[in-house]
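Read off the chains here:
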Amino acid sequence: MRELVIISGKGGTGKTCLTAAFASLAENSVLCDADVDAANLHLLMNPKIKKRTDFMGGSIAKIRTADCTECGRCLELCKFEAISEQFVVDAISCEGCGVCVDLCPEQAIDFPVQKCGEWFISDTRYGAMVHARLGIAEENSGKLVSLVRQQAKILAEEKGNELILTDGPPGIGCPVIASIGGATALLIVVEPTVSGIHDMLRVADLAAHFKIPGLICVNKYDLNTDMTSKIEAVAEKRNIKVVGRVPFDSLFTKAMVEGKNILEYRQDSEVAATVRKVWDEILQSPSMNLMGLKDFSAVIK
Amino acid sequence: MIISVASGKGGTGKTTVATNMASALGEGVRLLDCDVEAPNAHLFLNPEIGQVEKVTTFIPEIDDDLCTACKKCAEICRFRALAVVGGKVLVFPELCHSCGGCVEVCEEGAIKDGKRELGTVESGTAGDILFSHGRLRVGEAMSPPLIKKVRSINGNNSITIIDAPPGTSCPVIAAIKGADFVLMVTEPTPFGLHDLKLGIEAVKTLGIPCGLVINRSDIGDNGVKEYAAKEDIPVLLEIPFDRNIAEAYSVGKLIIEVQPEWADKFRDLYNRIEILARC
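Residues numbered from 1 in each chain as written. Chains lettered and ligands numbered in written order. Predicted model: local features only at pLDDT ≥ 70, side-chain atom pairs only at ≥ 80, totals over all residues. Heavy atoms only, no water.

## Looking at the overall build of chain B
A count of helical and extended segments in chain B gives 11 helices and 11 strands. Every one of the 279 residues in chain B was classed for burial, and the buried ones make up 58%. Contacts spanning at least 24 positions in sequence make up 74% of the contacts within chain B whose residues lie at least 6 apart. For chain B, the exposed area adds up to about 11,300 Å²; of that, 48% sits on carbon and sulfur atoms. Taking the average location of the 29 positive side-chain charges in chain B and that of its 38 negative ones, the two points are 3 Å from each other. (Helix = DSSP H or I, 4+ residues; strand = E, 2+ residues; numbered from the N terminus. Buried < 20%, exposed > 50% of the residue type's maximum accessible area, 1.4 Å probe, protein only. Contact = heavy atoms within 4.5 Å. Areas by Shrake-Rupley, 256 points an atom, 1.4 Å probe, with all protein chains shown as cover. Lys, Arg positive; Asp, Glu negative; His and termini not counted. Charge placed at Lys NZ, Arg CZ, Asp CG, Glu CD.)

Take a look at the structure:
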């Protein structure tokens, strides 16, 4: 089984729109939305939720006022400025380290486990999908990302699916690191702008750091063809395969408004043909085929 | 006056709004790029960086001569950054949250101050604008401590504009907490609306007044405007899609450079924020 994770560094480059289109092409696959912070893939998938599970994240300190002698030890210990002079814990600032809980001389601090979100196993018109919703202002997004990816893997094993398609989060921090560990390959979706290339380089460095092969797709390439060429030159220098250029097209937005991917919305359009070609390039890329399968795409379709 | 520019969804135009507003206002403005995972504001402001500071966080370093392998440090660590194996304490630096619990419970004084690099904070000036940004070290997972470090930079400037990261979890909270106003930038699409709602909820949990900029305002649908009207969130500026603006952006140019008439609109945006933040 393989997993392709779609990431970008910079947000809004088209990760989710492309993931949804690929999902319609890869029938024997499980979908996974690892952007638990601001998940969007479900807006194009109309998932029917089959199983809903609470995500229990970390614990948060809670001072029992009745037992507190206001000795100030917890204030002294807390490195996160989460405890007020009135001995109330600010749940947003609390890191969940439990140091105050363990070292309170009066044992007056509780440490209840928090529900930090929910995760779902759903059916979609393109197969099973695992997705989640992290609670607002919560921590532990990396933990939830690892959880949904693990569940997607279990599901794929059960159903005998050959591929997991994972829509990743933007950035290069905690949730991204949790999204890419152990992946077969990363598809980096980049737009031809100074910020697109800047953030692509950071994500490419991250991929190299964790030794995961990357592929690059330039989206909205015609916004600046010079910049597109520059991206492709950088990619070649770094030994990252470019799987294609997708033009800027308002059809993507129109499809999104109707809750569809570009291939469903206008399957005969030029941009749809381009996306199909990009997908073929991905399936034929050496990084997706290292395990020796002669024709990986035949297994997926 | 501290204004955080945030969004929920990535790529809606936070950096565009933050840098154009900062440039339109000019003197007395400090811009803090707190999107430390993917900082982009410098690409549009081209600051001269004068100061580079490496930012580190505490991690335990074990003095094997003093350590008795009593396991107390491993027991208090909720993040599993310490483990005792074969009479020796192992440290997993990337799991450490720097809570200092291990130092507190070690009776032998065997835990010394170690360091993990979080990234760098670079500061300088871009014309009249005071500029700082954080750059998270590639491979580092925890951005909030670096964001807090960038936030701690201040001086006698009158206006601070913060370019926040996307999302709704801890990095965003670190970038908007304590701000006087949160300016949410969205696009009028189902993705934009969905993430805007999450973003607004995050702002509400902190009780900060907020307003909206709708970027590429003529694409997509009416969902964002309907939502804003229903929730009573003021729409402070609309920026229509313009291929010239998009092309200028692609090479690192500000809107007010290619279409100077926008400078007044961004100054006016600030004036409206100032009024809203005071009521």
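## Thoughts on the environment of L82(B)
All names here are of chain B. Within the fold, L82 resides in strand β4 (residues 82–85). Residue class for L82 comes out buried when judged on its relative accessible area of 6%. In this view, L82 contacts P60, I62, C73, A74, C77, V89, L90, V91 and C102; residues no more than four positions away in its chain are not counted.

## Some points on unusual backbone geometry
Residue and element names in this part refer to chain A. Even without a glycine there, the phi angle at N46 is positive, about 45°. Tracing the backbone shows N46 in the loop between α2 (42–45) and β3 (48–59). The exposure class of N46 is exposed, given its relative accessible area of 51%.

## A few points about the interface of chain B and chain A
Of the residues lining the interface, 56 residues belong to chain B; the matching set on chain A comes to 61 residues. Summed over both partners, the interface of chain B with chain A comes to about 4,700 Å²; 61% of that surface belongs to carbon and sulfur atoms. One salt bridge connects R243(B) with D222(A), and the closest N-O pair in it is separated by 3.9 Å. The interface formed by chain B and chain A includes 29 residue pairs in polar contact (both at pLDDT 80 or more). Contributing elements (two or more residues each) for the side of chain B that touches chain A: α2 (41–45), α4 (101–105), β7 (129–136), α6 (170–176), α7 (190–206) and α9 (243–250) of chain B. Per-element accounting of the side of chain B that touches chain A gives the leading share, nine residues, to α7(B). In the side of chain B that touches chain A, the residues fall into 25 nonpolar, 19 polar and 12 charged. (Buried area = accessible area lost by both parts, 1.4 Å probe. Salt bridge = Lys/Arg side-chain N within 4 Å of Asp/Glu carboxyl O. Polar contact = N/O pair within 3.5 Å; in protein donor to acceptor, adjacent residues only side chain to side chain. Nonpolar A, V, L, I, M, F, W, Y, C, P; charged D, E, K, R; others polar.)

## Structural notes on helix α8 (residues 223–231) of chain B
Residue and element names in this part refer to chain B. Of all the positions in α8, only G223, V224, Y227 and A228 are classed as buried. For α8, the angular spread of the buried residues around the axis is 130°, confining them to a single face. For α8, the exposed residues set more than 90 degrees away from the buried face come down to E226, A229 and K230. Those residues of α8 that are buried lie in contact with β9 (181–186), α7, β10 (210–215) and β11 (235–239). A positive backbone phi angle near 65° is found at D232, which sits one or two residues after α8. (Arc of directions from axis to C-beta.)

## A short note on the domain arrangement of chain B
The domain boundaries assigned to chain B delineate domain 1 (2–55 + 120–278) and domain 2 (64–109). Averaged C-alpha coordinates put domain 1 of chain B and domain 2 of chain B at centres separated by 40 Å. (Domains from an automatic or database assignment.)

## Brief notes about the side chain of S122(A)
Residues and elements named next belong to chain A. As for its placement among the helices and strands, S122 is situated in strand β6 (residues 113–124). Among the polar contacts listed, one links the side chain of S122 to the side chain of H131, at a separation of 2.7 Å. Here S122 is in contact with P47, K48, I49, K50, G127, A128, M129 and H131, once residues within four sequence places are set aside.

## Here's the deal with the confidence of the model for chain B
Mean pLDDT over chain B works out to 96, with 100% of the residues at or above the 70 mark. Across the predicted assembly, pTM comes out at 0.95 and ipTM at 0.94. (pLDDT = per-residue confidence, 0-100.)

## Details of the pattern of salt bridges
In the structure shown here, the tally under the stated rule is 32 salt bridges over all chains. Among the ionic pairs, E76(A) bridges to R73(A), the shortest N-O distance being 2.9 Å. Taken together, the residues span about one helical turn, with E76(A) and R73(A) both in helix α3 (residues 73–77) at a distance of three residues. Across the salt bridge formed by R267(B) and D264(B), the nearest N and O atoms sit 3.0 Å from each other. With R267(B) and D264(B) both in helix α11 (residues 262–278) and three residues apart, this pair spans about one turn of that helix. Overall, the relative accessible area of 33% leaves R267(B) in the partly exposed class. For D264(B), a relative accessible area of 51% puts it in the exposed group. Overlapping salt bridges bring together R52(A), D54(A), K115(A) and E118(A) as one network.

## Some words on the sheet that holds strand β11 (residues 241–246) of chain A
Within a sheet, neighbouring strands are paired by backbone hydrogen bonds and run either parallel or antiparallel to one another. All names here are of chain A. If you trace the nine strands from one edge of the open sheet to the other, you get β3-β6-β7-β2-β8-β1-β9-β10-β11, paired in mixed fashion. In this open sheet, the two strands that pair with only one neighbour each are β3 and β11. Within this sheet the neighbouring strands show an average axis-to-axis angle of 20°, counted without direction. Sheet topology note: the strand β2 (residues 29–33)/strand β8 (residues 163–167) ladder contains five bridges and is parallel. Its bridge partner being in β8, D33 is matched across the sheet by D167. Across the sheet, helix α1 (residues 15–25) touches β1 (2–7), β2, β8, β9 (185–190) and β10 (214–219), and the angle it forms with β8 is around 160°. (Pairing = 2+ DSSP bridges. Axes fitted to C-alpha atoms, helices over the stretch in contact; angles between N-to-C directions.)

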